[in-house]
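# Tertiary structure, described
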Amino acid sequence: MTISRRDFTRAAACALAGTVVPAAETVHQGVRPRPSASQLAWQRDELALFLHFGVNTFTDREWGDGHEDPALFDPTRLDARQWARAAKAGGARALILTAKHHDGFCLWPSPLTEHCVARSPWRGGAGDVVGEFTAACKSAGLRAGLYLSPWDRNASVYGDSPRYNDFYCDQLTELLTRYGPIAEVWFDGANGEGPNGRRQVYDWPRVFGLVRRLQPQAVMFSDAGPDVRWCGNEVGVAGDPNWSSVDPAAVPYPGASGDAVIAALQHGDPGGAVWRPAETDTSIRPGWFHHPAEDERVKPVEQLVGIWLTSVGRNSKLLLNVPPTREGLLHATDVARLAELQAHLTSLFAEDVAAGRPLDWRVTGGRTAVAEVDLGKTETIALARLEEDIARGQCVARYAVYGTLQARGDWRELTRGTTVGYRKVDRFEPTAARRVRVVVEDAAAPPRPLRIGLYRGA
Ligand code: FUL
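Residues numbered from 1 in each chain as written. Predicted model: local features only at pLDDT ≥ 70, side-chain atom pairs only at ≥ 80, totals over all residues. Heavy atoms only, no water.

### Observations concerning the sheet that holds strand β12 (residues 317-321)
The condition is simple: Strand pairing is assigned whenever DSSP detects at least two bridges linking the two strands. Helix and strand definitions follow DSSP, with helices as H or I runs of at least four residues and strands as E runs of at least two, each counted in order from the N terminus. To get an axis, a line is fitted to the C-alpha atoms, and for a helix only the part in contact is used. The angle between two axes follows their N-to-C directions and goes from 0 to 180 degrees.
Spatially, eight strands are ordered β2-β3-β4-β5-β7-β8-β11-β12 in a closed barrel, and the strand pairing comes out parallel. Strand-to-strand twist across the sheet, computed as the mean angle between neighbouring axes with direction ignored, equals 25°.

Structure, rendered in structure tokens:
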């Protein structure tokens, strides 16, 4: 069996070619793309938790084969409110649950399959993890998202393309009509062959159209969007540069392969006609599912802060996986780590030494500008936070930050970078400065004033 994240056929590409799945926003000729209200809300979440949970949690595997006995699924203390509490304490504003992973086991009672919670002993077969999850999100004021693996190693119709497409759309319909508002629908690019080596050709236009109809405010994630794209790796590092605009032809269908595809996912395209920001998904542990053997291998807070800087701090959103255990709870170590991450970030950004200081903004050319701020006194700074008003699009292509102690001149370069977008955070050697200058050296359009925050970084 071929098992590859990138194992999709050309036919799938053809199915998507020429398809128009309008984003919530219309793209006008000659006007730079901007986010829709849903894409903007998605980005402003900054951090979401990914919850990989299912039969794999009980078999200690990462990819199930679909032959698991549903009786294995029996979390002893499942409490979705504990997941929501930990998410809030970690500063997350949304959660995404694997309603179905590649093994095909459904965490909701689906009349379409035997491979689901209704066949398990949990809550006497009357339980519904998706229901408990969405209710917990709602009461905690968190936005709920669902992952529904296209690849299904249990469904007998998988690989019989039209029949599986019907089955998949019916499953999606259950998920998108029973549980209230769903903020994000996550389509995984991982894919393999069906029984007897049959290849499934997904009807993506139909799938995307169905989501748009049933949950118009939801964003859809996949390698190929349509609303949010994969960042191109699973190690927590968004591209540099990272444009939120893309050329949709560069990644024509979810799971398209090749170096050019990965580069397009990582970097976007300053000339791209469509707004499709990058989501950075990575796990707090080595695996996506909980494995007791990895309880000592939860990433330390310094590493999580680093991941935050290379995702949220690089114009992306961080989708951090924190998998529930066989008890159905997040592990105490992971919960503590989330709270540490939030405490660390809060202290890092506690005091903006540029706050309230007048900012002198000068456009110096068609694509260049200079911003200067007088801090009022000498400050030692080690962190710069730049932000564009992305509701109006993304412009900055290259910038440098300078500091000086003098009333005039003697500018020293503190850091430089490429794109800014929603947020760019740079750490640099702690440096004493009285005045700070941000020079926009290049932009994709006439640059608009940036928000500038400067921090001591301790
Ligand atoms: C991958 C999957 O194969 C992993 O199991 C996990 O769900 C990850 C988020 O995406 O493609």
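Having seen the model, we can carry on.
### Considering unusual backbone geometry
For the bond running from G225 to P226, omega is 15°, close enough to zero to count as cis. In this structure, P226 sits in the loop between β7 (219-222) and β8 (228-230). Cis peptide bonds are those with omega within 30 degrees of zero, and the linkage from D240 to P241 qualifies with 5°. By secondary structure assignment, the location of P241 is in the loop between β8 and β9 (245-246). Although it is not a glycine, E46 sits at a positive phi angle of roughly 65°. The residue E46 is located in the loop between α2 (37-45) and β2 (47-51) in this model. Its identity as a non-glycine residue notwithstanding, R123 has a phi of 50°, on the positive side. Of note, R123 is situated in the loop between β3 (94-100) and α5 (129-140).

### A closer look at the pairing of β3
Cut-off, in case you're wondering: The buried label applies to any residue whose accessible area, calculated with a 1.4 Å probe on protein chains only, is under 20% of its type's maximum; exposed applies above 50%, and partly exposed to all values in between. Viewed with both strands pointing away, a crossover whose connecting path from the first strand over the helix to the second turns clockwise is right-handed.
In terms of burial, β3 is largely enclosed, as seven of its seven residues are buried. Across four bridges, the pairing between β2 and β3 is parallel. In the sheet register, L49 faces β3, and the bridge partner there is L95. Sheet topology places β3 next to strand β4 (residues 143-148); six bridges connect them, and they run parallel. Following the sheet pairing, L95 is matched in β4 by A144. What joins β3 to β4 is α5, and the crossover it makes is right-handed.

### A few points about the confidence of the model for the protein chain
Under the convention used in this document: As a per-residue measure, pLDDT reflects the predictor's confidence and takes values from 0 up to 100. Contacts are assigned to residue pairs with any non-hydrogen atoms lying within 4.5 Å of each other.
Chain-level statistics for the protein chain give a pLDDT mean of 93 and a share of 93% at 70 or above. With pLDDT under 50 throughout, residues 1-29 is counted as low confidence; its partners more than four residues away or in other chains account for 67 contacts.

### Some details on the packing of aromatic side chains
Just so we agree on the cut-off: Each aromatic pair joins two rings of Phe, Tyr and Trp (for Trp, the six-membered one) with centres within 6.5 Å, and gets the label stacked for planes under 30 degrees apart, edge-to-face for over 60, and tilted for any other angle. For a ring to carry a charge above it, either NZ of a lysine or CZ of an arginine must fall within 6 Å of the ring centroid while also lying within 35 degrees of the normal to the ring plane.
Evaluated as defined, the whole model comprises 25 aromatic pairs. Judged by centre distance (5.7 Å) and plane angle (40°), the rings of Y164 and F167 are tilted. One end of the pair is Y164 and the other is F167, both in helix α6 (residues 161-178) and three residues apart, which spans about a single turn. You can call Y164 buried: its relative accessible area is 0%. When the ring of Y164 is compared with that of Y202, the centres are 6.5 Å apart and the planes differ by 70°; the resulting orientation is edge-to-face. You can see Y164 sitting in helix α6 and its partner Y202 sitting in the loop between β6 (191-192) and α7 (204-214), a full 38 residues away along the chain. Exposure remark for Y202: the relative accessible area of 2% places this residue in the buried category. Aromatic rings pair up to connect Y158, Y164, F167, Y168, F187, Y202, W204 and F208 into one cluster. Across the ring face of F349, the terminal group of R385 is positioned such that the distance to the ring centre comes to 5.1 Å.

### Thoughts on the environment of W151
Inspection of the secondary structure puts W151 in the loop between β4 and α6. Counting along the chain gives 47 residues from W151 to G104, while the straight-line C-alpha distance between them is 7.9 Å.

### Here's the deal with the domain arrangement of the protein chain
To keep things clear, this is the line we draw: Segmentation of the chain into domains, including their bounds, is taken from an automatic or database domain assignment. Computed with a 1.4 Å rolling probe, the buried area is the accessible surface lost when two parts are put together, summed over both parts. Each reported salt bridge corresponds to a side-chain nitrogen of Lys or Arg within 4 Å of a carboxyl oxygen of Asp or Glu. Polar contacts here mean pairs of N or O atoms no more than 3.5 Å apart (in protein, one a potential hydrogen donor and the other a potential acceptor; neighbouring residues in sequence count only if both atoms are side-chain atoms). Three residue categories are used. Nonpolar comprises Ala, Val, Leu, Ile, Met, Phe, Trp, Tyr, Cys and Pro, charged comprises Asp, Glu, Lys and Arg, and polar comprises the others, including Gly.
What the domain assignment reports for the protein chain is domain 1 (5-348) and domain 2 (359-455). Listed as interface residues are 25 residues of domain 1 and, on the opposing side, 21 residues of domain 2. Between domain 1 and domain 2, roughly 1,800 Å² of surface is buried when both sides are summed, and carbon and sulfur atoms account for 58% of that area. At the surface where domain 1 touches domain 2, the tally comes to one salt bridge. Of the charged contacts, one joins R423 and E46 as a salt bridge, the two residues approaching to 3.0 Å between their closest N and O atoms. In this assembly, domain 1 and domain 2 are joined by ten residue pairs in polar contact (both at pLDDT 80 or more). Of all the secondary structure elements, the ones that give two or more residues to the side of domain 1 that touches domain 2 are α2 and α9 (301-309). In terms of residues, the side of domain 1 that touches domain 2 owes the most to one element, α9, which gives four residues. The class makeup of the residues in the side of domain 1 that touches domain 2 is twelve nonpolar, seven polar and six charged.

### A few points about the pattern of salt bridges
As enumerated under the stated definition, the model contains 31 salt bridges in all. For R77, the salt bridge goes to E327, with nearest N and O atoms at 3.0 Å. With a gap of 250 residues between them, R77 in the loop between α3 (55-59) and α4 (80-89) and E327 in the loop between β12 and α10 (332-348) connect regions that are remote in the sequence. One salt bridge in this structure joins R398 and E441, with 2.9 Å as the shortest N-O distance. In this pair, R398 sits in strand β15 (residues 396-404) while E441 sits in strand β17 (residues 424-443), placing the two residues 43 residues apart along the sequence. Under the relative-accessibility criterion, E441 is labelled partly exposed at 21%. Bridged by salt links that share partners, the residues E46, R385, E387, R423 and R451 form one connected network.

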